[in-house]
Protein chains: 2
Amino acid sequence: MKIYYYNRLSKTKLTRLFKRPSIESKIIYSIVDPIISDVKRNGDKAVIMYAKEFDKFTGSTIKVSQRELSEAERKISEEFKSAIKISAKNITKFHRKQIPDNYLIEMEKGVVCGRKYEPIENVGLYIPGGSAVLISTILMLAIPAKIAGCKRIVLCSPCKGDQLDRSVLYIAKLCGIDEVYKVGGAHAIAMMAYGTSKFKKVDKIFGPGNQYVTAAKSLVSIDPDGCVIDMPSGPSEVLIIADKFANPAFIASDLLSQAEHGVDSQVILLTDKLHIATSVSKQVTIQLKKLPRKTIAVQSLKASFILLVDSIYKAIELSNEYAPEHLIMNFTNAEKKLGEIKNAGSVFIGQYSPESAGDYSSGTNHSLPTYGYAKSSSGVSVEMFMKAITFQKITKVGLKKLSSAVIKLATTEGLEAHANAVKVRIKNGN
Amino acid sequence: MKIYYYNRLSKTKLTRLFKRPSIESKIIYSIVDPIISDVKRNGDKAVIMYAKEFDKFTGSTIKVSQRELSEAERKISEEFKSAIKISAKNITKFHRKQIPDNYLIEMEKGVVCGRKYEPIENVGLYIPGGSAVLISTILMLAIPAKIAGCKRIVLCSPCKGDQLDRSVLYIAKLCGIDEVYKVGGAHAIAMMAYGTSKFKKVDKIFGPGNQYVTAAKSLVSIDPDGCVIDMPSGPSEVLIIADKFANPAFIASDLLSQAEHGVDSQVILLTDKLHIATSVSKQVTIQLKKLPRKTIAVQSLKASFILLVDSIYKAIELSNEYAPEHLIMNFTNAEKKLGEIKNAGSVFIGQYSPESAGDYSSGTNHSLPTYGYAKSSSGVSVEMFMKAITFQKITKVGLKKLSSAVIKLATTEGLEAHANAVKVRIKNGN
């Protein structure tokens, strides 16, 4: 990995270094848009056509049967089941704390206001196939959806041939999902967003995907006939801050576990010690050799770097500016600096907190804001499967108290009917 | 207003009746897109050019000076100030309850996970000009932003001539905003989303606007170089449920206060009593005559209707399906039915709770999901000006407990480096 010195970089070079590989979104939108329009117009027929063309689906119906779902458990190893159960238990425990409280306040006598949360009724979960089927993502999306109380939870995943991976079906069933579709890509997103004669549209779509899926999610999210989505997304990334006490082998393993995700992943190490920088670089080369996904990791390491900074303080400042999806604080007394972290998706504190623990089993969610969106967005949570409804109950006495303010502001805005809705009530004898 | 009978409508006719006026989003995107690209490429020069062309701005600099801000208070009437203060006090009191709690859980010995909220650092508020300058919207956006702790709060509003409305500046200053720009439209949105040499980009844009502003917000929200937005939006709307005890004059005043918003507003009354339907229709005609914004209201009443249903139960069912931005429950014991309301932006309970009370002064937010988005989205809240960061601190003992699960799931997904990040730590002697 290339090592840079913060003090030797101009501001322009520094900005360029931290700039994420740019996403040619407009080009991808232009590829995906016709597919979405086709599904919107032609429904099931178009969905099946694209499933055959793009997913290499060979079956006749994309809906997974109840028999397939109930038979999925067979041939699943006990070791796998136990791994899933440990993860599911922790994810459930962590996310249960997110159920939001309703509240009610008496603003003044006769004016009571409040807010209550309700689950989103229909949600669609997208689970990518491709180079690595992210079965753990099912847990990360389905568990919060269930805790939120969503009535209908639908899962779509691309299917080569006619059978979805048994483990996908097993986890879906374990999480209480009984509506699963063998379909992926932009056409699956369009099917969920608009509905077809066989598929009732959902209200919100969750889940990661390749650039086509991401583009499709964006496009349906700005179509008033479509639906909202969990968050914008880009390639996965990690930023590690390490001091002289950090173990270079640990750091290298974390950099590589992000680098193996995809060729467009970005991994960054900030350290205040040159020997850490050089040792990590060597360790990366050693550990890389044994990796099955070596070719991918080599590719993504090209956009990655090690930056030597003056202090951990500086490293935190740069990290906040970068807003990494994953931040590993591998330095002494890291916990005490957590308050200084302003922008990050999920934070891993100390040397025994690898990112992969959070990816699977610690309990936190691994569906996180990438590409700098951690400045403005949160990872997937129970609240994202719900929405808040505010309400007010006002008596005649209460309305009288508010009346002067309402009438004055309404008339200032030139909205006479708004003022009138108060006047007509105040005048009323009852 | 036209009266329909639920029992006499076919399913198709019913669906058509409740269908909102469709939004030609693609056409508007194609108009707005070149403006956004121009601002993205040419920065301040393009912003000023469009401000002169579209807003009819005649000044030389769009940034409001500190002098203008501090002088705004002069000439503001005491009556207006007191109206603003009543509203601001209630909005503050209601929104303070929304500050989210952080939490920390010991998942098992050696595995501590948690979540903390941080304010979004840079936020942009858009306040529309046009037929009615919605000064109250400044309170609805700036107060939650301040409570959230956003460091930099920027306000943009279109400016005809060279002076923004004094009341806009007065309220901005009162809310602690000192960065105000005399610019509106798609070009203001682009300026906030991308930044220029004079304007530092924001992380999230809030606020209502006309169809061009809405389209611009959508487009920057799907551009990875842009920024996220508060929520998708469409024209304003109200749905009222009334029984035989409701006062037809009150209902008519509520229907009209929504109808005067814009020609594309939709207002709906559901009632189980024919005499209420007919009396309300008459009252609408009477009250309409005196309204200054009569022409607008007449227009929007065309897409509006009264529907006679069998029961309040049925009305609630239809309302949940429609998911109105504003729902007025003007019937006996309405409060007891609040639990049955699953989809709505804000709810007004009982006959003395007009929508206009919530629009200005009760304390709830008036920036709400329209166009059916209440099925999946919430109105503006303090949480929307913040984001959550999760974190985990794991000890070696804790990691050992998670290790079998992490390693099994990582290898199942084919992500060997993920497994390795745990193995290398467990093996380590320290």
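Residues numbered from 1 in each chain as written. Chains lettered and ligands numbered in written order. Predicted model: local features only at pLDDT ≥ 70, side-chain atom pairs only at ≥ 80, totals over all residues. Heavy atoms only, no water.

Caption draft 1: Looking closely at the packing of helix α4 (residues 78-96) of chain A against helix α5 (residues 135-148) of chain A. Residue and element names in this part refer to chain A. The interhelical angle for the contact between α4 and α5, taken along N-to-C directions, is 40°, at an axis separation of 10 Å. Taken together, the axes of α4 and α5 are oblique relative to one another. Regarding α4 and α5, the two cross each other, and that crossing is right-handed. Between α4 and α5, the residues in contact are Phe80, Ile84, Ser87, Ala88, Ile91, Thr92, His95 and Arg96 and Ile135, Leu139, Met140, Ile143, Pro144 and Ile147, respectively. Split by residue class, the contact of α4 with α5 holds ten nonpolar, three polar and one charged. (Axes fitted to C-alpha atoms, helices over the stretch in contact; angles between N-to-C directions. Helix = DSSP H or I, 4+ residues; strand = E, 2+ residues; numbered from the N terminus. Parallel < 35°, antiparallel > 145°, perpendicular 65-115°, else oblique. Left-handed = near helix turned anticlockwise from the far one by under 90°. Contact = heavy atoms within 4.5 Å. Nonpolar A, V, L, I, M, F, W, Y, C, P; charged D, E, K, R; others polar.)

Caption draft 2: Inspection of the pairing of strand β14 (residues 386-394) of chain B at higher detail. Burial runs high along β14 of chain B: eight of the nine residues are buried. Examined bridge by bridge, strand β13 (residues 346-349) of chain A and β14 of chain B share four bridges and lie parallel to one another. Across the sheet, residue Val347 of chain A finds its bridge partner in β14 of chain B, namely Phe391 of chain B. Pairing geometry for strand β3 (residues 111-119) of chain B and β14 of chain B, over nine bridges, is antiparallel. Opposite Arg115 of chain B, over in β14 of chain B, you have Thr390 of chain B as the bridge partner. (Buried < 20%, exposed > 50% of the residue type's maximum accessible area, 1.4 Å probe, protein only. Pairing = 2+ DSSP bridges.)

Caption draft 3: Quick peek at helix α12 (residues 312-322) of chain B. Residues and elements named next belong to chain B. Most of α12 sits out of view: eight of its eleven residues are buried. The complete set of buried residues in α12 reads Ile312, Lys314, Ala315, Ile316, Leu318, Ser319, Asn320 and Tyr322. In this fold, the buried residues of α12 make contact with α1 (11-18), β9 (237-242), β10 (266-271), β11 (305-308) and β12 (326-330). Just beyond α12, the residue with positive phi is Ala323, at close to 55°.

Caption draft 4: Quick peek at the interface of chain B and chain A. Chain B puts 129 residues into the contact, and the matching count from chain A is 128 residues. On the chain B side of the contact with chain A, Tyr352, Glu413 and Arg425 of chain B bury the most area, a combined 8% of that side's loss. Between the two partners, chain B and chain A, sit twelve salt bridges. Close ionic contact of Lys408 of chain B with Glu79 of chain A constitutes a salt bridge, the shortest N to O distance being 3.6 Å. Applying the counting rule to chain B against chain A returns 73 residue pairs in polar contact (both at pLDDT 80 or more). Here the side of chain B that touches chain A gets ten residues from one element, more than from any other, and that element is helix α14 (residues 396-412) of chain B. When the residues that make up the side of chain B that touches chain A are grouped by side-chain class, the tally is 58 nonpolar, 43 polar and 28 charged. (Buried area = accessible area lost by both parts, 1.4 Å probe. Salt bridge = Lys/Arg side-chain N within 4 Å of Asp/Glu carboxyl O. Polar contact = N/O pair within 3.5 Å; in protein donor to acceptor, adjacent residues only side chain to side chain.)

Caption draft 5: Main features of helix α5 (residues 135-148) of chain B. Residue and element names in this part refer to chain B. The terminal C-alpha atoms of α5 lie 21 Å apart, and with 14 residues this matches the ideal 20 Å at 1.5 Å per residue to within 8%. Counting buried positions along α5 yields 13 of 14 residues, so the element is predominantly enclosed. Of the residues trailing α5, Gly149 is marked for its positive phi of about 95°. (Expected span 1.5 Å × (residues − 1).)

Caption draft 6: Focus on the sheet that holds strand β14 (residues 386-394) of chain A. The strand order across the open sheet formed by nine strands is β2(A)-β3(A)-β14(A)-β13(B)-β12(B)-β9(B)-β10(B)-β11(B)-β1(B), and the pairing between neighbours is mixed. Among the strands making up the open sheet, the edge pair consists of β2 (103-108) of chain A together with β1 (3-5) of chain B. Averaged over all pairs of adjacent strands, the angle between strand axes in this sheet comes to 20°, irrespective of strand direction. Most of the contacts of α12 of chain B go to β9 of chain B, to which it runs at about 165°, and overall it touches β9, β10, β11 and β12 of chain B.

Caption draft 7: Seen up close, the packing of helix α7 (residues 185-194) of chain A against helix α8 (residues 211-221) of chain A. Residues and elements named next belong to chain A. It is the contact of α7 with α8, at a shortest axis distance of 8 Å, that shows an interaxial angle of 25°. With respect to their mutual orientation, α7 and α8 come out roughly parallel. Here α7 runs over α8; the crossing is right-handed. Between α7 and α8, the contacting residues are Gly185, Ala186, Ile189, Ala190, Ala193 and Tyr194 on the first element and Tyr212, Val213, Ala216, Lys217 and Val220 on the second.

Caption draft 8: The arrangement of the pattern of salt bridges in detail. Evaluated as defined, the whole model comprises 46 salt bridges over all chains. Two residues, Glu335 of chain A and Lys393 of chain B, come together in a salt bridge whose shortest N-O distance is 3.9 Å. Note that Glu335 of chain A is positioned in the loop between β12 (326-330) and β13 and Lys393 of chain B in strand β14, a pairing that runs across two chains. You can call Glu335 of chain A partly exposed: its relative accessible area is 47%. Shared partners join several salt bridges into a network, and the residues in it are Lys40, Asp223 and Asp225 of chain A.

Caption draft 9: Expanded view of the side chain of Ser403 of chain B. Residues and elements named next belong to chain B. Note that Ser403 resides in helix α14. Judged by its relative accessible area of 12%, Ser403 is buried. One polar contact links the side chain of Ser403 to the main-chain carbonyl oxygen of Lys400, over a distance of 2.6 Å. What Ser403 contacts, discounting residues up to four positions off in sequence, is Val422 and Ile426.

Caption draft 10: Representation of the relation of the copies chain B and chain A in the model. Aligned on chain A, chain B shows an RMSD of 0.0 Å; the corresponding rotation is 180° and the shift along the axis is 0.0 Å. One copy is carried onto the other by what is essentially a two-fold rotation axis. Relative to the rotation axis, the C-alpha of Ile222 of chain B is the closest in chain B, positioned 4.0 Å from it. A share of 99% of interface residues in chain B that are also interface residues in chain A marks the association as one of identical surfaces. (Least-squares fit on C-alpha atoms with pLDDT ≥ 70 in both.)

Caption draft 11: Structural view of unusual backbone geometry. All names here are of chain A. With phi around 55°, Asn333 is a residue other than glycine that occupies positive phi space. Inspection of the secondary structure puts Asn333 in the loop between β12 and β13. Classification of Asn333 as partly exposed rests on a relative accessible area of 48%.

Caption draft 12: Summary view of the confidence of the model for chain A. A residue-level look at chain A finds 99% of positions with pLDDT of 70 or above and a mean pLDDT of 95. In the predicted complex, the global pTM is 0.97; the interface-specific ipTM is 0.97. (pLDDT = per-residue confidence, 0-100.)

Caption draft 13: Spatial organisation of the sheet that holds strand β4 (residues 122-126) of chain B. Residues and elements named next belong to chain B. Taken together, the five strands give an open sheet; going across it, the order is β6-β5-β4-β7-β8, and neighbouring strands pair in parallel fashion. Looking at the sheet topology across the chains shown, the edges are occupied by β6 (179-182) and β8 (228-229). Sheet topology places strand β5 (residues 152-157) next to β6; four bridges connect them, and they run parallel. By the bridge assignment for β6, Ser157 is matched with Lys182.

Caption draft 14: Inspection of empty space enclosed by the protein at higher detail. Under the criterion given, the structure shown has two cavities of 30 Å³ or more. By volume, the largest cavity is sized at about 70 Å³. Around the largest cavity, the lining is made up of 13 residues, and of these Arg115 and Thr390 of chain A together with Gly379, Val380 and Ser381 of chain B lie nearest the centre. The set of elements that each furnish at least two residues to the lining of the largest cavity consists of β14 of chain A together with α4 (78-96) of chain B. Among the residues forming the lining of the largest cavity, the class breakdown is four nonpolar, eight polar and one charged. Looking at the second largest cavity, its volume works out to about 60 Å³. A class-by-class count of the residues in the lining of the second largest cavity yields three nonpolar, six polar and one charged. (1 Å grid on protein atoms, 1.4 Å probe; cavity = no way out; pocket = protein on both sides within 12 Å on 5 of 7 lines; lining within 4 Å. Points joined across faces, edges and corners; volume = space filled by probe spheres on them.)

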